[in-house]
Amino acid sequence: MKVILLGCGWLGQQLLPVLQQEGHPLLVTRQSEAGLAELPQGVPAQVLSLPLSLPHSPTVLQQFQQAVVICAITPGWRKQSGAGYLDSLNSLVRLMQAAGSLACIHFSSTGAYSGLSGEVDEQSQLLLTDAKAQLLYQGEQLLQQALPTCTLRLGGLFGPGRHPGNFLRNDVLTDPDAPVNMVHSSDVIEAVRVILQQQAWPERYNLCCPDFVSRKQFYAKARALLQRNALTDGNTTDNQRRVLAKRIQQQLPFQYRYPSALQALDDRP
C-alpha cells in the first residue's frame, strides 16, 4: 500500500522505520529543504510546502494517486493559535481529491475536548465555543468529508527525546488530582501500523494511556527521574477531564504497550 507521510517531525521520524519495515512504498514530505536534510539518508523525500499553489504538478498528482496519506502536520496552537492550519488542510484536501488518494490517517489531538469536564470519549459532544476545540474539529471535518479518514485524537505526547519531567515551566502543579491524559509515541506508531494493516477508515479513535493516573503521580515521578525540584500543589479548577481511550482496543487488534503512563516512565526505550 502506497503511503505518503506528510510532515515528518518528532513523531513522524519514529514512524518512518516502521513504515519501511512493513514494506509500504513510501514518500516523505517536509516543508523545506532544511527539513529534508534532517531525514536519514536514502529515504524517498521531497519538499511539499502547504498551502500549495495551483495548478498541481502532474508529478505530485501521480504520487498522491491511490495513496494513504498520513497527515502529521501540527496546528501550531501554542505559538500561532493555529494560524494557517485550516488553509494547509484545505490545500491538502484539494490535492488528495484531485489525485484520487485512497484514504487519510490524521493526527488530531485530545485538545478537541477543551472546555469539557468529566469523562469524555469519541462520541462526546464537543464545546465548539472553545477556540481550540473549534479549530481541531474543523480540521477533522475537512479531511473526514473529503475522503475516508481515520482521525486519531492523541493525548499529550512523550517518548524518546521528549521527557515529561521537562514539561512544567515551574514547580507548581494545577489540578494535581486530575487525570493525566498522555500517550507514549510507541503506542501511536503501533496504532498507525494496525490501522494501515486493517484499512480502518473512516473511523475516529482516542489514543491515551487508558489506566487512571493523577497528574501529581505522573509529574512527580517524571521530575524525580530527572532529579528536579519537588512539586507544590496548585489550584484545582472545574475543567478536569479524563479521556477514555479503549475503543481502539475493542475494535482493532491493538493493545497498548503502556496502558499506564507511570509504566511508560519506568520502561523508557
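All residue numbers refer to position in the chain's written sequence, counted from 1. Restriction of local features to residues with pLDDT of at least 70 applies here, the model being predicted, together with a cutoff of 80 or more for giving and counting side-chain atom pairs; totals for whole chains, interfaces and linings are based on all residues. With hydrogens and water stripped out, all remaining heavy atoms of the structure feed into the side-chain values.

Student: Would you mind showing me how to read the side chain of Glu-140 here?
Tutor: Counting through the fold element by element, Glu-140 comes out in helix 6 (residues 131–146). Working rule for contacts: check all heavy atoms of both residues, and any pair within 4.5 Å makes them a contact. Those residues in contact with Glu-140, other than ones at most four positions away along the chain, are His-106, Ser-108, Ala-112, Thr-151, Arg-153 and Arg-204. Numbering goes from the N terminus for both helices and strands, where a helix is a DSSP run of H or I of at least four residues and a strand is a run of E of at least two.

Student: Sorry, what's going on with empty space enclosed by the protein here?
Tutor: The rolling of a water-molecule-sized probe over the atoms marks out the regions of remaining empty space. Here a cavity denotes a set of grid points, spaced 1 Å apart and computed over the protein atoms alone, in which a 1.4 Å probe fits but from which it cannot get out, and a pocket denotes an open set meeting protein on both sides within 12 Å along at least five of seven lines; residues with an atom within 4 Å of a point are reported as lining. Grid points are joined across faces, edges and corners, and a volume is the space filled by probe spheres set on the points. Considering all chains together, one arrives at two cavities of 30 Å³ or more under this definition. Space inside the largest cavity adds up to approximately 50 Å³. Forming the walls of the largest cavity are Pro-179, Val-180, Asn-181, Cys-208, Cys-209, Pro-210, Asp-211, Phe-212, Val-213, Arg-242 and Val-243. Residue composition of the lining of the largest cavity, grouped by class: eight nonpolar, one polar and two charged. In this structure, the second largest cavity encloses a volume near 40 Å³. What lines the second largest cavity is Leu-6, Gly-7, Thr-29, Arg-30, Gln-31, Leu-48, Leu-50 and Ile-73. Amino acid classes used here: Ala, Val, Leu, Ile, Met, Phe, Trp, Tyr, Cys and Pro are nonpolar; Asp, Glu, Lys and Arg are charged; the rest, including Gly, are polar. Residues belonging to the lining of the second largest cavity are distributed by class as follows: four nonpolar, three polar and one charged.

Student: Help me out: how do you make sense of the pairing of strand 5 (residues 103–109) in this one?
Tutor: Look at any regular strand and the pattern is simple: side chains alternate between the two faces of the sheet. Only protein chains enter the accessibility calculation, which uses a 1.4 Å probe. A residue is then buried if its area is under 20% of the maximum for its type, exposed if over 50%, and partly exposed in between. Within strand 5, six of the seven residues are buried, leaving the element largely enclosed by the surrounding structure. Paired strands, in this sense, are two strands between which DSSP finds at least two bridges. Examined bridge by bridge, strand 4 (residues 68–71) and strand 5 share four bridges and lie parallel to one another. Note that in strand 5 the partner of Val-69 across the bridge is Cys-104. As paired strands, strand 5 and strand 7 (residues 149–154) are joined by six bridges and run parallel to one another. Bridge pairing in strand 7 places His-106 opposite Thr-151.

Student: Help me out: how do you make sense of the environment of Val-28 in this one?
Tutor: Its location among the elements puts Val-28 in strand 2 (residues 26–30). Here Val-28 falls in the buried class, since its relative accessible area comes to 0%. On a C-alpha basis, the gap between Val-28 and Val-60 in space is 12 Å, while along the polypeptide they are 32 residues apart.

Student: Would you take a moment to explain the environment of Ala-103 for this structure?
Tutor: Looking at the secondary structure, you find Ala-103 in strand 5. Since its relative accessible area comes to 0%, Ala-103 is described here as buried. Taking the C-alpha atoms as reference, Ala-103 lies 25 Å from Gln-125; in sequence the two are 22 residues apart. With sequence-adjacent residues up to four places away left out, Ala-103 is seen in contact with Ala-67, Val-68, Val-69, Leu-147, Pro-148 and Trp-201.

Student: Could you clarify how one ought to interpret the sheet that holds strand 3 (residues 45–47) in this entry?
Tutor: Strand pairs in the sheet, formed through backbone hydrogen bonds, run parallel or antiparallel to each other. Read from one edge to the other, the open sheet built from seven strands follows the order 3-2-1-4-5-7-11, with strand pairing classed as parallel. Because the sheet does not close on itself, it has two edges, and the strands there are strand 3 and strand 11 (203–207). When the angles between neighbouring strand axes are averaged without regard to direction, this sheet yields 20°. Pairing between strand 1 (residues 3–6) and strand 2: four bridges, direction parallel. The partner of Leu-6 across the bridge, within strand 2, is Thr-29. Against the sheet, helix 7 (residues 185–198) contacts strand 1, strand 4, strand 5, strand 7 and strand 11, and its axis sits at roughly 155° relative to strand 5. Think of each axis as a best-fit line through the C-alpha atoms, taken over the contacting stretch in the case of a helix, with angles from 0 to 180 degrees between the N-to-C directions.

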